[in-house]
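Chain by chain, the residues:
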Amino acid sequence: MVSLVKTHTPPPQAQFDDLLIWVFIALLSIGLVMVYSSSIATAEGSKFTGHQASYYLMRHSLFIVVGLLAGLFAFQVPVQMWQTWSPYLFMAGTVLLVLVLIPHIGREVNGSRRWLSLFVFNLQPSELMKLFAVMYAADYTVRKGKIKHLFMKAFLPMFAVMVMVGTLLLLEPDMGAFVVILSIAICTLWLGGFNVKVFGALVVALPLAFAALIFSSPYRMQRVIGFMDPWADPYGKGYQLSHALIAFGRGEWLGVGLGASVEKLFYLPEAHTDFLMAVIAEELGLAGVACVIVLFALVVIRSFQIGRHAAFLERNFSALVAQGIGVWIGVQAMINIGVNMGVLPTKGLTLPFLSFGGSGVVVNCIAAAVLLRVDYENRRIARGLPV
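Residues numbered from 1 in each chain as written. Predicted model: local features only at pLDDT ≥ 70, side-chain atom pairs only at ≥ 80, totals over all residues. Heavy atoms only, no water.

Moving on, we come to the overall build of the protein. Secondary structure summary: the protein contains twelve helices and three strands in total. Taking 21 Å as the expected radius of gyration for a compact globule of 387 residues, we find that the protein reaches 22 Å, a close match to that expectation. Evaluated residue by residue, the protein yields a buried proportion of 50% over its 387 residues. Summarising the internal contacts of the protein: among those between residues at least 6 apart in sequence, 70% fall at separations of at least 24. When the accessible surface of the protein is totalled, it reaches about 18700 Å², and 70% of it is carbon and sulfur. Here the protein carries 26 positive and 19 negative side-chain charges, and the mean point of each set is 11 Å from the other. (Helix = DSSP H or I, 4+ residues; strand = E, 2+ residues; numbered from the N terminus. Rg over C-alpha atoms; globule rule 2.2 N^0.38 Å. Buried < 20%, exposed > 50% of the residue type's maximum accessible area, 1.4 Å probe, protein only. Contact = heavy atoms within 4.5 Å. Areas by Shrake-Rupley, 256 points an atom, 1.4 Å probe, with all protein chains shown as cover. Lys, Arg positive; Asp, Glu negative; His and termini not counted. Charge placed at Lys NZ, Arg CZ, Asp CG, Glu CD.)

Listed below in C-alpha cells is the structure:
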C-alpha cells in the first residue's frame, strides 16, 4: 500500500556563509564607488595620471579583480597547509620589511619608505605582514599550548619577534601597521589562553612604551599636538584633520549627495586613501557612515562566531586565524574611522576593503577568502565530510 503521507526532505545545508560573502561584496562595491567619487578632481588635476578622471577608478577596479582572483586561489588552499607554511611566510614577510629599508630598493613617498617597486605596481610589505602575523601568531599559540603558563618559554620568544618586526615598521616609519600587528599578536595570545598576569603587565607597559615612542619622535609629537586641537593651527599641523571634520559636519544626516563633496576638491589630502571615510560622511552623511560601520561589525562578529565554531570542533589553529582576521579588520577599521573623526591621532592606515591601494585590497581579499575557507571546512567537518 502506497503511503499518502508525504515524507519531508530537509533542505541541504549551505556550504558557504552567504551573509559574509555579501558583506565583503558590499564593502568592495562601496569602496569602488567612493574611490572614484573622491579621486576625480585629483586625477584630473595631476600630470602623473595624464589628467584622466577615471585613472584611480581603473586602477582600483584592476586591484579588486586581482584581489578576487588571489582570493579564489587562497580559498582552494586547506587551512592545514596555511598552518604548515605560516612560519616561512612570516620569515618571508620579515625579509620584505628589511628590503624596504635598503636604499634604491625600497621606494620613498612623502618621507616614508614603505613600498617595493614591482614596475607594474608598488608592493607594501606591511600589508602582507598583517596576514602573515595572524597565521604566525595562531600557529605559535597552538604550538606553545602546553607551556602557555610559562613566561620565559611561551611569551618572551613571541615578544622578541614582535619587537623585531615593530622596529622594522617604525624605521619605515609605519606606526599604524605596527599598532595593528601588535593588536593581532596580543589578542591571539589572549584568545589562546596565555597567562593572565602577562597581560596585566602589558596593560601597564604598553601605554608607557607608546608614550616613549611619541616623545622620542618630533613628527609623532606634532601629530599628537595637531590631533588635540586641530583648530589651533588649521593651516599647518591641524590642516588634514580640520578638513576631515568639516567634511563630517557638512554631511549631517543624509549627506550632500554622491559626487557633491567639496572637501575632495584639493582641500582634503589623501581623500581616496586614508581619509576616504570623511568623503563618505560628507556625501552620504551619518546614514552612509553607519552603514559602513555595520558592515565592519558584521565581519568582526562573524569572524568570532566562525572561530568559536572551529574551537568547538577542536580546530584551534583555524579558530585563532578566524578570530585574528576579525581583530585585524576591526582594529584597522576602528583606527581609520577614529582618525577621520578626530578621536585618534593621524596615522597612515587605510580603510580595509574600501580605500585605494593595491596591496591593501589584494591582501584584504585573501584574508576574506581564508576566513571563508575556515567556515567552509567547519561546515564540512560538522557534517562528517572530508575537507
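That covers the picture; the talk isn't over yet.
Moving on to empty space enclosed by the protein. Throughout the structure, instances matching the rule amount to one cavity of 30 Å³ or more. Residue lining of the largest cavity: M162, V165, G166, L169, F178, I181 and L182, and that is the complete set. For the lining of the largest cavity, the secondary structure elements donating two or more residues are α5 (151-171) and α6 (175-191). Sort the elements by how many residues they give to the lining of the largest cavity and α5 lands first, with four residues. Of the residues in the lining of the largest cavity, the class split is six nonpolar, one polar and no charged. (1 Å grid on protein atoms, 1.4 Å probe; cavity = no way out; pocket = protein on both sides within 12 Å on 5 of 7 lines; lining within 4 Å. Points joined across faces, edges and corners; volume = space filled by probe spheres on them. Nonpolar A, V, L, I, M, F, W, Y, C, P; charged D, E, K, R; others polar.)

With that out of the way, let us pick up the pairing of strand β1 (residues 106-109). Where β1 lies against strand β2 (residues 112-117), four bridges are found, and the strand directions are antiparallel. Across the sheet, residue R107 finds its bridge partner in β2, namely W115. In this antiparallel pair of consecutive strands, β1 and β2, the connection spans two residues, and N110 shows a positive phi of 55 degrees. (Pairing = 2+ DSSP bridges.)

For the structure on display, the rule yields ten salt bridges. For R113, the salt bridge identified is with E108, shortest N-O distance 3.2 Å. A salt bridge links E377 to R315; the shortest N-O distance between them is 2.3 Å. With a gap of 62 residues between them, E377 in helix α12 (residues 358-382) and R315 in the loop between α10 (276-312) and α11 (316-341) connect regions that are remote in the sequence. On the basis of relative accessibility, which here comes to 3%, the residue E377 falls in the buried class. Residues participating in the shared-partner salt-bridge network are D17, R302, D375 and R379. (Salt bridge = Lys/Arg side-chain N within 4 Å of Asp/Glu carboxyl O.)

Turning our attention to the environment of L258. Positionally, L258 belongs in the loop between α9 (239-251) and α10. Judged by its relative accessible area of 55%, L258 falls in the exposed class. Each C-alpha atom of the pair L258 and L320 lies 39 Å from the other, and the pair is 62 residues apart in sequence. Excluding anything up to four places from it in sequence, L258 contacts V33, M34, S37 and E283.

Let's shift gears to unusual backbone geometry. The peptide bond linking E172 to P173 adopts the cis configuration, its omega dihedral lying at -5 degrees. Assignment of secondary structure puts P173 in the loop between α5 and α6. For H51, which is not glycine, the phi dihedral falls at a positive 60 degrees. Residue class for H51 comes out partly exposed when judged on its relative accessible area of 46%.

The next point concerns the side chain of S39. In this fold, S39 is placed in helix α1 (residues 18-44). Polar side-chain contacts of S39 include one of 2.6 Å to the backbone oxygen of V35. Once you skip the residues sitting within four places of it in the chain, S39 turns out to touch Y56 and H272. (Polar contact = N/O pair within 3.5 Å; in protein donor to acceptor, adjacent residues only side chain to side chain.)

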